[in-house]
Amino acid sequence: MDTTREFNFDGLVGPSHNYAGLSFGNVASFSNVKSMSNPKQAALQGLAKMRALAARGFAQALLPPQLRPDFRLLRSIGFGGSDADVLARAAREAPVILACAYSAAPMWSANAATVSPSADTMDGRVHFTVANLNSKLHRSYEQTQTARALRSIFRDGTRFAVHDALPATPAFGDEGAANHTRLCAAHGAAGVELFVYGRVEFDAAALAPQRFPARQTLEASQAVARLHGLQPQRTVYVQQDPAAIDQGVFHNDVIAVGNGNVLLYHQQAFLDESAVITALQHALADAGTELQPIRVASSQVPVADAVASYLFNSQLLSKSDGRMALVVPQECQENPAVARYLQGLVASGGPVDELISFDLRQSMRNGGGPACLRLRVALSAAEAAAMHQGVVMTESLYASLVAWVGRHYRDRLAPQDLADPLLAIEIQAALEELGMILGLPELYAF
Ligand code: SUG
């Protein structure tokens, strides 16, 4: 019997959530720069999503926030003295870099790593490659604490392999699972791993976006597939449409989402749509199933509406009755073209028969929807039992975390507040307590 379930590990929003406009190419991040954030509300919105999905019977866990500010980053670029000196001087001389050191971006755990379940890998272990997130300073240093967290949660080396991030150089720009989709007959069956890249470093003739950066390279995707020991006939590499990147589609998960044998995608997601579908059909035949593509035409939902509503940054979840639910941000209901499309989708008699909508406004204003907030890890029952249990979402963990957020999080944070030395002290105290709640004190003891 197949005991494998897909766990969604949502990034718990950290206490320094703010709008610093750090992500050029991410329209929401750029347009909300310097507005006031509400870290408390952001964390509660994320927790409400986790709780609701866990209550529905979906396997739900979390990845803890990272310690901020990252003094290592600030000290490595010449800010010295006491912690208070470092913060005061960075605030004066380099406020944007201070914002980078304070970023709560690890909440978007889709970018934490790429994950291959044991059914796909040569050595039968679950493989993780931590993403280097090279393309943005504020995300490029997440990898150290991400690797530490994954190794604490997935400790058993006979079942799990956590690879360090790829070399930190433009050739290996890697954004983790945001550009990776697994399609399969069932979560526990050997699947097809689809890697979507934005550019190719070592091919001068390859197309690339003109306006906004392509964050993922083909070379990085190939390296991850090699590290994980994937089967070539079930591994597909395709290029994202550079024109879509130039319209704000900074990751593939802003324009396509897959689950089981279903791929919901926009007509402008890929550079060569028909070649992508053919390649997936072949690969899925090798995995013993048939692709069920759901194509959204530009005439139904223009790319601009997909970006504004985050229709594709949704979670497509398998239900026990064999149908699928689509977890969407509330913005989808507020966009007339998207709301109309979704109504038709659930009424179509196709695989998706339910919409679950969440208010994730705090995260959305930085360009992070439901899919950005979660890392998918398919685990057999034995693997699930072998991971650290303190991060699995339950009613009692939910209650403890809501109370913890209430005790420690601010409800207003503007970028200039990052200069306040008390904030660093507050965050340290909050996270030390969180380490105890989750049974992972080692994450914050350094
Ligand atoms: O990397 N935003 C994130 C959003 C990540 C979304 N993830 C996926 N699509 N999987 C990013 O651009 C904004 C931070 C700021 O501006 O303060 C930010 O990092």
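Read on for a plain summary of the structure. The structure presented is a predicted model; accordingly, all values stated were derived computationally and were not measured. (Residues numbered from 1 in each chain as written. Predicted model: local features only at pLDDT ≥ 70, side-chain atom pairs only at ≥ 80, totals over all residues. Heavy atoms only, no water.)

Describing the environment of Arg340
Here is step 1: Of note, Arg340 is situated in helix 13 (residues 336–347).
Here is step 2: Arg340 sits in the exposed class, given a relative accessible area of 56%.
Here is step 3: Taking the C-alpha atoms as reference, Arg340 lies 26 Å from Ser31; in sequence the two are 309 residues apart. (Helix = DSSP H or I, 4+ residues; strand = E, 2+ residues; numbered from the N terminus. Buried < 20%, exposed > 50% of the residue type's maximum accessible area, 1.4 Å probe, protein only.)

Concerning helix 13
Here is step 1: Taking 1.5 Å per residue as the helical rise, helix 13 with its 12 residues ought to reach 16 Å, and the 17 Å between its terminal C-alpha atoms agrees with that figure.
Here is step 2: Among the structural elements, strand 10 (262–266), strand 11 (292–296), helix 11 (303–309), strand 13 (324–329), helix 12 (331–334) and strand 14 (352–358) are those in contact with the buried residues of helix 13.
Here is step 3: For helix 13, the capping residue at the N-terminal end is Asn335, with a side-chain oxygen 3.1 Å from the backbone nitrogen of Ala337.
Here is step 4: Among the residues trailing helix 13, Gly349 stands out with phi positive, at a value near 80°. (Expected span 1.5 Å × (residues − 1). Contact = heavy atoms within 4.5 Å. Polar contact = N/O pair within 3.5 Å; in protein donor to acceptor, adjacent residues only side chain to side chain.)

Quick look at the packing of aromatic side chains
Here is step 1: Counted under the stated rule, the structure contains 9 aromatic pairs.
Here is step 2: Ring centres 5.2 Å apart and planes at 75° place the aromatic pair Trp404 and Tyr409 in the edge-to-face group. A single burial state applies to Trp404 and to Tyr409, both of which are buried.
Here is step 3: Following the ring pairs from residue to residue traces out a cluster consisting of Phe7, Phe9, Phe128, Phe154 and Phe160. (Phe/Tyr/Trp six-rings, centres within 6.5 Å; stacked < 30°, edge-to-face > 60°.)

Let's talk about the nonpolar core
Here is step 1: Counting 110 residues, the largest nonpolar core has Phe9 and Phe154 as the members making the most contacts within it.
Here is step 2: Among the elements that make up this core, the one with the highest residue count is helix 17 (residues 421–438) (7 residues).
Here is step 3: Among the nonpolar cores identified, the runner-up in size contains 19 residues, and Val257, Tyr341, Leu345 and Val352 belong to it. (Core = buried A, V, L, I, M, F, W, Y, C linked by side-chain atoms within 4.5 Å.)

What about unusual backbone geometry?
In most cases, non-glycine residues show a negative phi, while peptide bonds are predominantly trans.
Here is step 1: The omega angle of the peptide bond from Arg68 to Pro69 is 0°, so this bond is cis rather than trans.
Here is step 2: Relative to the elements of secondary structure, Pro69 occurs in the loop between strand 2 (60–63) and helix 3 (71–76).
Here is step 3: One non-glycine residue, Lys34, lies in positive phi territory at about 70°.
Here is step 4: Considering the arrangement of structural elements, one finds Lys34 in the loop between helix 1 (27–31) and helix 2 (39–55).
Here is step 5: A positive phi angle, near 45°, is found at Leu133, a position not held by glycine.

Some remarks on the site of the ligand
Here is step 1: Neighbouring the ligand are 21 residues, the closest being Leu22, Ser23, His138, Asp253 and Cys372.
Here is step 2: Between an oxygen atom of the ligand and a main-chain N or O atom of Leu22, the distance comes to 2.8 Å.
Here is step 3: Arg215 places a polar side-chain atom, nitrogen or oxygen, 2.8 Å from an oxygen atom of the ligand.
Here is step 4: Here the ligand has 480 Å² of accessible area as a free molecule, and 99% of this is covered by the chains.
Here is step 5: Taken together, the residues of the shell around the ligand sort by class into 8 nonpolar, 10 polar and 3 charged. (Near = heavy atom within 4 Å. Areas by Shrake-Rupley, 256 points an atom, 1.4 Å probe, with all protein chains shown as cover. Nonpolar A, V, L, I, M, F, W, Y, C, P; charged D, E, K, R; others polar.)

Section: the pairing of strand 6 (residues 180–183)
Here is step 1: Side chains His180 and Arg182 of strand 6 all project onto a buried face; the interleaved residues Thr181 and Leu183 project onto the opposite face, where all are buried too.
Here is step 2: Inspection of the sheet shows strand 6 paired to strand 7 (residues 192–197) by 4 bridges, in the antiparallel sense. Its bridge partner lying in strand 7, His180 is registered against Phe195. (Pairing = 2+ DSSP bridges.)

Regarding the sheet that holds strand 5 (residues 160–163)
Here is step 1: The strand order across the open sheet built from 3 strands is 3-4-5, with neighbouring strands paired in mixed fashion. Two strands in the sheet have a free side with no partner beyond their single neighbour: strand 3 (113–116) and strand 5. Taken pair by pair, the neighbouring strands of this sheet meet at an average axis angle of 15°, ignoring direction.
Here is step 2: As judged from the 4 bridges shared by strand 4 (residues 126–130) and strand 5, these two strands associate in the parallel manner. When the sheet's bridge partners are listed, His127 is paired in strand 5 with Ala161.
Here is step 3: Across the sheet, helix 7 (residues 142–153) is in contact with strand 3, strand 4 and strand 5; its angle to strand 4 comes to roughly 160°.
Here is step 4: In the packing of helix 8 (residues 218–228) onto the sheet, the strands contacted are strand 3, strand 4 and strand 5, and the crossing angle to strand 4 comes to about 145°. (Axes fitted to C-alpha atoms, helices over the stretch in contact; angles between N-to-C directions.)

Points about the packing of helix 4 (residues 83–93) against helix 5 (residues 95–102)
Here is step 1: Packing of helix 4 against helix 5 brings their axes to within 5 Å, and their N-to-C directions diverge by 130°. The angle between helix 4 and helix 5 falls in the class oblique. Residues Leu87, Ala90, Ala91, Arg92 and Glu93 of helix 4 touch helix 5, and the partners they reach there are Pro95, Leu98 and Tyr102.
Here is step 2: By residue class, the composition of the contact of helix 4 with helix 5 is 6 nonpolar, no polar and 2 charged. (Parallel < 35°, antiparallel > 145°, perpendicular 65-115°, else oblique.)

Regarding the layout of surface pockets
Here is step 1: Here the largest pocket defines a volume of roughly 640 Å³.
Here is step 2: As for the largest pocket, its lining consists of 27 residues, and the residues nearest its centre are His187, Leu317, Ser318, Lys319 and Ser320.
Here is step 3: Only strand 1 (5–11) and strand 12 (315–318) provide two or more residues apiece to the lining of the largest pocket.
Here is step 4: In terms of residue class, the lining of the largest pocket is made up of 9 nonpolar, 12 polar and 6 charged.
Here is step 5: Taken as a whole, the second largest pocket spans an internal volume of roughly 390 Å³.
Here is step 6: What lines the second largest pocket is a set of 19 residues, and nearest its centre among them are Leu67, Pro69, Asp70, Phe71 and Arg72.
Here is step 7: Contributing elements (two or more residues each) for the lining of the second largest pocket: helix 3, helix 4, helix 7 and helix 17.
Here is step 8: A total of 4 residues in the lining of the second largest pocket trace back to one element, the largest contributor, which is helix 17.
Here is step 9: Tallied by class, residues from the lining of the second largest pocket come to 11 nonpolar, 3 polar and 5 charged. (1 Å grid on protein atoms, 1.4 Å probe; cavity = no way out; pocket = protein on both sides within 12 Å on 5 of 7 lines; lining within 4 Å. Points joined across faces, edges and corners; volume = space filled by probe spheres on them.)

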